[in-house]
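As a plain string of letters, each chain reads:
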Amino acid sequence: MVTKRTAKSKGNQFEYDCWYSLKQKYPNILLTKQLGFQYQYDLIDHDSKKVYECKRLKSISWNQALEFLTKLTIKAPDEYLPYLLFKSNHQPCLVMGLYRDWE
């Protein structure tokens, strides 16, 4: 039996791919769904104070990416840096983040 890959399964796989890649540099990074709570972001690293949202879409515009990043910035815990990891079909993964001045 052949199963069809749905958009949800592609998105879930992308989250795991991002988690695995980031785990090489940030060994304590966590998938938030594994914590048993529903957050508005997919990955969190308490040591480096970063949160990540992973999006895999057929196509994504810069305006859409900025909307996702803005939402993540609002939902991220205080003093955590937000990053959007996104990928369109047949394109490499891109990272978008905001710089916060902590002073």
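As shown above, the structure is provided for reference.
Nothing here was measured: the structure is a model prediction, and the numbers come from that model.

(A) Representation of the sheet that holds strand S3 (residues 50-57) within the structure. What the five strands build is an open sheet, ordered S1-S2-S3-S4-S5; its pairing is mixed. Single-partner strands in this sheet number two, and they are strand S1 (30-31) and strand S5 (94-97). Sheet topology note: the strand S4 (residues 81-88)/S5 ladder contains four bridges and is antiparallel. Residue pairing for S5: Leu85 is matched across the bridge by Val95.

(B) Representation of the side chain of Glu15 within the structure. Within the fold, Glu15 resides in helix H1 (residues 7-23). On the basis of relative accessible area, Glu15 is assigned to the buried category, the value being 11%. Setting aside chain neighbours within four positions, we find Glu15 in contact with Leu31, Lys33, Asp42, Leu43 and Cys54.

Quick notes on the rules
Sequence order as written defines residue numbering, which begins from 1 separately in each chain. Local features in this predicted model are restricted to residues of pLDDT 70 or higher, and side-chain atom pairs are both shown and tallied only at a pLDDT of 80 or more, whereas totals for entire chains, interfaces and linings draw on every residue. Excluded from the side-chain calculation are hydrogens and water; included are all heavy atoms of the structure. Strand pairing is defined by DSSP finding a minimum of two bridges between the two strands. By the criteria applied, helices consist of DSSP H or I runs no shorter than four residues and strands consist of E runs no shorter than two, each listed in order from the N terminus. For every residue, the accessible area obtained with a 1.4 Å probe (protein chains only) is divided by the maximum for its type, and the residue is called buried under 20%, exposed over 50%, and partly exposed between those limits. In what follows, a contact means two residues having at least one pair of non-hydrogen atoms within 4.5 Å.

Take it as geometry only, folks, not as evidence of what the structure does.
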